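The chain contents come next:
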Amino acid sequence: MKALVQGRYRGHDGKAAVFDVGEGASLTLRILEGDIGRVTLQRRDGYRLERGWSLAPGGAEPPFAGRPRDDVSGFANPPTTVTEQPGRVLVSAAGLTAEVVLAPFAIAWRREGEAAPFLRDRSTQAYFLSNRTGALAHAMARDPEERHYGLGDKAGPLDRTGRRFRIDATDPCGFDAELSDPLYKMLPFLVVDGPQGAHGLFYDNPATATVDLGCTLDNYHGPFRSYRADDGDLDYYVLAGPAIPDVVRRFSWLTGGQAFAPRWSLGFAMTSMAIADAPDADARISAFIADCRRHGIACDSFHFGSGYSSIGARRYVFHWNRDKFPDPAATMARLAAAGMRPVANVKPCLLDDHPRLAEARGDGLLVRDGRSGDPAVAQFWDGLGFHIDFTNEKARAWWADGLKSALLDVGVASIWNDNNEFEIWDEDAVCAGDGRPFAQSLARPAQALLMTKLAYETQAAQAPGRRPYVVSRAGPAGLARYGQTWTGDNETAWKTLRFNLAQGLNMSLSGLFNIGHDVGGFHGPSPGPELFCRFVEFCALWPRMVMNSWKADGTVNQPWMHPEVLPQVRAALALRSRLMPYLYTRMWRASRDHEPAVRPLFWDFPADPAARTVDDAFMLGPDLLVAPVLVEGAVTRSLYLPAHPGGWFDWHDGRHVEGGTVVAVPAPLGRLPLFARAGAIVPVADPGAPAASLPDRTVLVFGEPVDASAADLYEDDGETAEWRRDGLHVRFELRRTGETLLLSARHQGADPSRPWRIGVRRIGTHGDLQLLSSSALALEPMPAAGPG
C-alpha cells in the first residue's frame with residue numbers, strides 16, 4: 001500500500017473541508033453533530049461502494065437499495081468554521097474541533113474546553129491506500145492506559161486491548177469463547193476509554209478487515225492501533241463521548257437503535273435441533289408441551305430448528321416435511337394453545353437439489369458469479385448451495401412470499417434467520433445491488449441485514465399493529481433495529497460461562513441490546529447437573545433466554561434433563577418471571593433511550609476504579625448487580641460491590657453489605673448471586689406469572705437513598721406497534737423529607753385498563769420486610785415535561 005503523508009487543503013463549503021492527500025485521493029472531513037465527526041477518503045476513481053446500510057441516524061430507515069454514502073440527512077450539520085494556520089487547518093463546529101496537520105498528514109480531535117486531543121492519528125504514516133487492490137488502512141496513536149471495548153460478538157476478555165481481531169464472519173459451531181476468531185458478526189465499532197475520557201470509532205465499511213488494538217509493536221511508530229480493510233472505503237465516524245454511556249447511546253442512535261420486542265419474546269424459550277430432526281418430531285413437540293405442564297415450567301415460545309424442512313438428511317427452506325408434521329397449522333395451534341409462540345428457523349441458501357432451485361435460477365434470484373453468469377457456488381450444510389440475493393427486489397419478493405405462505409400463514413409467530421453469514425468465497429461473486437451491481441465481497445454482512453429487514457417488514461405486514469420479532473445470528477451494525485441476536489453456537493464448557501459473559505457485555509457496548517446465550521451450551525458434551533444448573537442461572541437475567549442444543553448423542557437440553565437439579569432450575573426461571581416487569585421496562589428504555597439493559601459495572605459506577613476491572617459480573621439496569629457462579633464445584637461466590645452510598649442488599653435474604661468491598665456470598669445451586677443497590681425501586685410480578693400477562697405489580701424498595709432516587713415501570717399489551725404512544729409509563733420517586741421517606745408514583749400515557757394495584761414493600765437494612773402501603777399506591781398524572 002501507499003502511505004498518504006502529504007496533504008493540501010482544497011477548501012470547504014461551510015459544512016465539509018476537503019483535502020488532497022496524494023495518489024489521486026481526496027479526504028473530506030465533516031462535523032455532523034456537536035459530538036460526531038466524520039472522515040471519508042475517496043480514491044481517484046470514486047468510492048468502491050457508494051452506499052451503505054448500517055446508518056439510520058435518529059431512526060431514518062435506509063431503503064433496501066442502501067443509503068448513499070454522501071447522504072448527510074438526519075444529522076444537525078452545524079455550520080463549520082475553518083481556520084488555516086502554517087502547516088495545519090482547524091475545522092470546528094458545535095464544540096468539536098479537528099486539527100489537521102498537513103505533513104505528515106494526520107488528524108487530532110478535541111472537545112470544547114479541552115487542551116489535549118481525545119483521539120489523534122499516528123503522526124508517522126496514518127493513512128494508506130493500495131493502487132493494486134482495494135485495500136486501505138488507518139493507524140491511530142494509542143495511549144498505553146486506554147482500554148478498548150466493542151467489535152460486536154468477539155471472544156475473549158472484556159477489555160480487548162492487546163488483541164488483534166478479524167472483521168469477518170463464519171459458522172464456528174462450538175467456538176471457543178475465549179480464543180476463536182472470527183465469529184458471526186462484522187461490526188468494526190470501538191469504544192475507547194482512557195485518560196482523556198471515552199470516544200467511539202465506527203468504520204462504515206462492510207468489507208472484511210483486521211482491527212489491531214496494540215497486538216502489533218513497531219519501534220518506528222510508538223504505541224498505536226489500526227484498522228486495515230481488504231477492500232471498500234475508508235469512511236469513519238468519531239463519537240466524542242466523553243463518557244462510555246455517551247458513546248454507546250450515540251452509536252445506537254447513529255445506527256437506528258434497538259427494536260422493542262414483544263413481551264412474550266423475553267420469556268423462557270425452548271428449541272433443539274434434535275427435536276425437529278427426529279422422525280416423530282410432531283409427537284416430540286406434544287410430549288414437550290405435556291412435560292412443561294407436568295414439571296411446572298412456563299415456556300413462552302418454541303423455536304423450530306431447521307429439521308422441519310428436511311427431505312432425508314438435508315434441509316430445504318420453505319419446505320415442510322409432512323411425514324414429521326402432517327398438519328403444520330395444527331402443530332402451531334397446539335403450541336399457541338399451550339401459551340407457546342412458534343418461531344421458525346430459515347436459512348438463505350438453496351441446496352443444489354432444492355425443489356425450487358430451478359425456479360430461483362431461472363428468475364435470477366441468486367448471488368451470481370460475475371464471470372460465468374451462473375449462481376455463485378458456496379459450501380453449506382449437507383453440501384453445495386446458492387445464496388438468495390437480498391439486494392435483488394425480485395428475490396426479496398420471492399423470499400417474502402415464502403415466509404408468508406410456508407410459515408406465517410400456518411401460524412408461525414416470528415422468523416429466526418440462521419446460518420446467514422453468507423460464506424461465498426467466490427472472488428467473482430456479484431450482488432444485483434438493486435440495479436447497481438457490486439462485488440459481494442464489498443458487503444457480505446449487508447445481505448444478512450437485508451434478510452432481517454425483510455423478515456421484520458413481512459411480519460409487520462402480516463400482523464399490522466403488532467411489534468415484529470426477528471432473530472438473526474449474523475449481520476453488521478444496524479442489526480439491532482430489526483430484532484434480537486445471541487452469542488451463537490457456544491460450547492458446553494465451564495469457561496464458556498466466563499467468556500460468554502464478556503462477549504455479551506461487548507455486544508451491549510456495540511449497540512446490540514437484545515441478546516443472550518444458548519442455555520446449557522449448544523455443542524459439545526451433554527452438560528452434567530451442576531454445569532447445566534449454572535448455565536440456567538447464568539442465562540436467567542439476559543434479555544434472550546433460549547435453551548438450544550445439538551449433541552452428537554441426541555441428548556436434548558431441557559429443564560428437567562437432570563431431575564436432581566430441577567427445583568433449582570425452577571428457582572432460576574421463577575426469578576426471571578418475578579423480574580419480568582423490571583426487564584421489560586429496561587428493554588423499553590433500551591429502545592426509547594439507546595441504553596443497554598445488560599452492561600458492565602463501570603457503566604453505572606464510572607468513578608470507581610475497581611469497577612473497571614470486573615468482567616465476571618454485570619449490571620441489569622442501574623439497580624441490580626448479577627454475579628453468576630462461573631467455577632465448577634463452587635458453593636460460594638466472591639464478588640466486588642462498587643462503592644455506592646447506602647451500600648447494597650442481597651436479593652435473597654435482604655442482608656445489607658457496604659459498597660466498595662469484595663464479599664463472599666452463599667451460592668448453592670439454584671441461588672444466583674444478585675444484589676440491589678440502596679435506594680433501588682424494583683417493579684416485580686407475582687410469582688409464577690407468565691411473561692405475557694399483566695398482573696398486579698409490586699415495587700420493592702431497597703433501603704433508602706441518601707437524598708432521592710427514581711425508577712420506571714412500563715406496561716402495555718405486550719405487542720402493540722404503537723408502544724411510544726399507547727403504553728403506560730409509571731415514574732416512581734423516593735425522597736427523604738425530614739424524618740419521612742416518601743414514595744410517589746406518577747403516570748404518563750394510557751390509563752390502566754382496569755383498577756390496578758401497585759403494592760409496595762420495603763427491604764430494610766436487616767432484611768426484614770415492612771409493608772409501607774397496605775392499599776394501592778395512587779397514580780397521579782405525570783406532568784407533560786416530566787421524565788419519559
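Here the structure is a predicted model, which means the values were calculated and not measured. Here, residues in each chain are numbered from 1, in the same order as that chain's written sequence. With pLDDT at 70 or above as the cut-off, local features in this predicted model cover only qualifying residues; side-chain atom pairs require 80 or more to be listed or tallied, and sums for whole chains, interfaces and linings still use all residues. For side-chain calculations, the full set of non-hydrogen atoms in the structure is used, while hydrogens and water are omitted.

Q: What is the right way to read the nonpolar core from this model?
A: Where a protein is soluble and globular, its nonpolar side chains tend to be buried together. With 150 residues, the main nonpolar core has Val-346, Trp-399, Leu-407, Leu-579 and Trp-651 as its most contacted residues. With sequence-adjacent residues up to four places away left out, Trp-651 is seen in contact with Leu-575, Leu-579, Leu-624, Leu-674, Phe-675, Val-682, Val-684, Leu-700 and Phe-702. By nonpolar core we mean a set of buried residues, namely Ala, Val, Leu, Ile, Met, Phe, Trp, Tyr and Cys, connected to one another through side-chain atoms within 4.5 Å. Partly exposed describes any residue whose relative accessible area lies between the buried limit of under 20% and the exposed limit of over 50%, with all areas from a 1.4 Å probe on protein chains only and scaled to the type maximum. Core analysis: the next-biggest nonpolar cluster, separate from the first, contains 47 residues, Val-82, Leu-136, Ala-169 and Met-186 among them. In what follows, a contact means two residues having at least one pair of non-hydrogen atoms within 4.5 Å.

Q: Looking at this structure, I do not really get the UniProt feature "domain: Glycoside hydrolase family 31 N-terminal" (unreviewed entry) in the chain. What am I missing?
A: UniProt positions are given in the numbering used here, feature names are shortened, and annotations may be inferred rather than shown by experiment. Under the local residue numbering, the UniProt record ascribes the feature "domain: Glycoside hydrolase family 31 N-terminal" (unreviewed entry) to residues 27–212. The annotated region residues 27–212 carries 0% helix and 42% strand content, and the separation between its end C-alpha atoms amounts to 23 Å. Starting at the N terminus, helices and strands are each numbered in turn, a helix being any DSSP run of H or I of at least four residues and a strand any DSSP run of E of at least two.

Q: How do you make sense of the pairing of strand E44 (residues 674–677) when you look at a structure like this?
A: Sheet faces and side chains relate simply in a regular strand, where the side chains alternate between the two faces. In E44, alternate side chains face the same way, and those of Leu-674 and Ala-676 on one face and Phe-675 and Arg-677 on the other are all buried. Between any two strands, at least two bridges found by DSSP are needed for them to pair. Sheet analysis places strand E39 (residues 624–626) next to E44, joined by 3 bridges and oriented antiparallel. Bridge pairing in E44 links Val-626 to Leu-674. Sheet topology places strand E41 (residues 648–650) next to E44; 3 bridges connect them, and they run antiparallel. Bridge pairing links Trp-648 to Arg-677 in E44.

Q: Would you mind showing me how to read the UniProt feature "domain: Glycoside hydrolase family 31 TIM barrel" (unreviewed entry) in the chain here?
A: The UniProt entry lists residues 259–585 under the feature "domain: Glycoside hydrolase family 31 TIM barrel" (unreviewed entry), expressed in the numbering used here. Secondary structure content for residues 259–585 is 35% helix and 15% strand, while the C-alpha to C-alpha distance between its ends is 14 Å.

Q: Hey, could you run me through the packing of helix H6 (residues 393–407) against helix H7 (residues 444–462) in this one?
A: A pair of packed helices can be characterised by two numbers: the angle between their axes and the separation between those axes. Think of each axis as a best-fit line through the C-alpha atoms, taken over the contacting stretch in the case of a helix, with angles from 0 to 180 degrees between the N-to-C directions. In contact at an axis separation of 10 Å, H6 and H7 are set at 50 degrees when each is read in the N-to-C sense. Classified by the angle their axes make, H6 and H7 are oblique. With respect to the hand of their crossing, H6 and H7 are arranged in right-handed fashion. For the pair formed by H6 and H7, the contact residues are Arg-396, Trp-399, Ala-400, Leu-403 and Lys-404 on the first element and Met-451, Leu-454, Ala-455, Thr-458 and Gln-462 on the second. For this classification, Asp, Glu, Lys and Arg are treated as charged, while Ala, Val, Leu, Ile, Met, Phe, Trp, Tyr, Cys and Pro are nonpolar and the rest, including Gly, are polar. Along the lines of polarity and charge, the residues of the contact of H6 with H7 split into 6 nonpolar, 2 polar and 2 charged. Under this scheme an angle from 65 to 115 degrees is roughly perpendicular, one under 35 degrees roughly parallel, and one over 145 degrees roughly antiparallel; angles in between are oblique. Should the near helix be turned anticlockwise from the far one by less than a right angle, the crossing is termed left-handed; should it be turned clockwise, right-handed.

Q: Sorry, what's going on with the packing of aromatic side chains here?
A: Two numbers describe a pair of aromatic rings. These are the distance of the centres and the angle of the planes. Aromatic pairs are defined between Phe, Tyr and Trp rings, using the six-membered ring for Trp, whenever the two ring centres lie within 6.5 Å; interplanar angles under 30 degrees are classed as stacked, those over 60 as edge-to-face, and all others as tilted. Under the definition given, this model contains 37 aromatic pairs. Aromatic side chains Trp-416 and Trp-486 sit 6.2 Å apart centroid to centroid with 75 degrees between the ring planes, which places their arrangement in the edge-to-face category. Highlighted residues: Trp-416 in strand E31 (residues 414–417) and Trp-486 in the loop between strand E34 (470–472) and helix H8 (494–509), separated in sequence by 70 residues. For the ring pair Phe-538 and Trp-542, a centre distance of 6.0 Å and an interplane angle of 55 degrees mean the geometry is tilted. Each of the two residues, Phe-538 as well as Trp-542, counts as buried. Note on criteria: charge over ring means Lys NZ or Arg CZ within 6 Å of the ring centre, with the direction from the centre no more than 35 degrees off the ring normal. In this structure, Arg-250 is placed above the aromatic ring of Trp-253, and the distance from its NZ or CZ to the ring centre is 4.4 Å. Looking at Arg-361, its charged tip hangs above the ring of Phe-386, at a distance of 5.7 Å from the centre.

Q: Where do I start with the sheet that holds E41 in this structure?
A: Each strand in a sheet pairs with another by means of backbone hydrogen bonds, the pair being arranged parallel or else antiparallel. Spatially, E37-E38-E39-E44-E41-E42 is the arrangement adopted by the 6 strands of the open sheet, whose pairing is antiparallel. Of all the strands in the sheet, the pair left with one neighbour each is strand E37 (598–599) and strand E42 (656–657). In terms of strand pairing, E37 meets strand E38 (residues 618–620) through 2 bridges, oriented antiparallel. Paired with Val-598 across the strands is Leu-620, a residue of E38.

Q: Honestly, H6 in this entry has me stumped. Any pointers?
A: Residues lying three or four places apart along an α-helix face the same way, a consequence of the helix completing one turn every 3.6 residues. For a helix, the expected span equals 1.5 Å multiplied by the number of residues minus one. For H6, which comprises 15 residues, the first-to-last C-alpha distance of 21 Å matches the rise-based estimate of 21 Å (1.5 Å per residue) to within 8%. Every buried residue of H6 is accounted for by Ala-395, Arg-396, Trp-398, Trp-399, Ala-400, Gly-402, Leu-403, Ala-406 and Leu-407. Of the surrounding elements, those touching the buried residues of H6 are strand E26 (341–346), strand E27 (349–351), helix H5 (357–362), E31 and H7. Definition of a polar contact: a pair of N or O atoms within 3.5 Å, with one able to donate and the other able to accept a hydrogen when the atoms are protein atoms, and with sequence-neighbouring residues admitted only if both atoms are side-chain atoms. Between the side-chain oxygen at the start of H6 and the backbone nitrogen of Lys-394 there is a gap of 2.9 Å, and the oxygen is on Asn-392.

Q: Before we go on, may I ask you to explain the pairing of strand E45 (residues 681–685) in this structure?
A: The element E45 is largely enclosed, with a buried count of 5 among its 5 residues. Burial along E45 is two-sided: the residues Ile-681, Pro-683 and Ala-685 and Val-682 and Val-684 are all buried. Pairing geometry for E45 and strand E46 (residues 697–702), over 5 bridges, is antiparallel. In the strand pairing of E46, Pro-683 is matched with Val-699.

Q: I keep staring at H8 and nothing clicks. Help me out?
A: Relative to the 22 Å expected for 16 residues at 1.5 Å per residue, H8 spans 24 Å between its end C-alpha atoms, a close match to the ideal helical length. Where burial is concerned, most of H8 is hidden: 14 out of the 16 residues are buried. Just downstream of H8 lies Gly-511, where phi reads positive at about 85 degrees.

Q: Sorry, what's going on with the confidence of the model for the chain here?
A: Detailed reading of the predicted model is not advised wherever pLDDT is low. Known as pLDDT, the predictor's confidence for each residue is given on a scale from 0 to 100. Here the chain averages 94 in pLDDT, while 95% of its residues score no lower than 70. A low-confidence stretch, residues 765–776 (pLDDT under 50), is modelled with 23 contacts involving residues beyond four sequence positions or located in other chains. A low-confidence stretch, residues 784–788 (pLDDT under 50), is modelled with 8 contacts involving residues beyond four sequence positions or located in other chains.

Q: Before we go on, may I ask you to explain the state of the cysteines in this structure?
A: Chemically, a disulfide is nothing more than a covalent bond linking the sulfur atoms of two cysteines. Two cysteine sulfurs form what is called a disulfide whenever their separation falls within 2.5 Å. Counting across every chain of the model gives 0 disulfides. The structure places no disulfide on Cys-533, whose sulfur is separated from the nearest cysteine sulfur, that of Cys-539, by 12 Å. On the basis of relative accessibility, which here comes to 1%, the residue Cys-533 falls in the buried class.

Q: Is there a simple way to explain the layout of surface pockets in this structure?
A: The gaps of empty space that remain are located by a probe, the size of a water molecule, rolled over the atoms. Its boundaries defined by the atoms lining it, the largest pocket holds a volume of some 450 Å³. Along the walls of the largest pocket sit 22 residues, with Gly-256, Ala-259, Tyr-456, Arg-481 and Arg-724 positioned nearest its centre. Class assignment of the residues belonging to the lining of the largest pocket gives a composition of 9 nonpolar, 7 polar and 6 charged. The way it works is a 1 Å grid over only the protein atoms, where trapped points that fit a 1.4 Å probe form a cavity and open points with protein on both sides within 12 Å along at least five of seven lines form a pocket, and then any residue with an atom within 4 Å of a point lines it. Grid points are joined across faces, edges and corners, and a volume is the space filled by probe spheres set on the points.

Q: What's the story with the sheet that holds strand E21 (residues 234–239) in this structure? I'm lost.
A: Read from one edge to the other, the open sheet built from 8 strands follows the order E2-E3-E4-E5-E21-E18-E17-E15, with strand pairing classed as antiparallel. Only two strands of the sheet have a single neighbouring strand rather than two, namely strand E2 (8–12) and strand E15 (147–150). Averaged over all adjacent pairs, the angle separating strand axes in this sheet is 20 degrees, with direction ignored. Bridge count for strand E4 (residues 25–33) against strand E5 (residues 36–42) is 7 bridges, and the pairing is antiparallel. Bridge pairing in E5 places Arg-30 opposite Arg-38.

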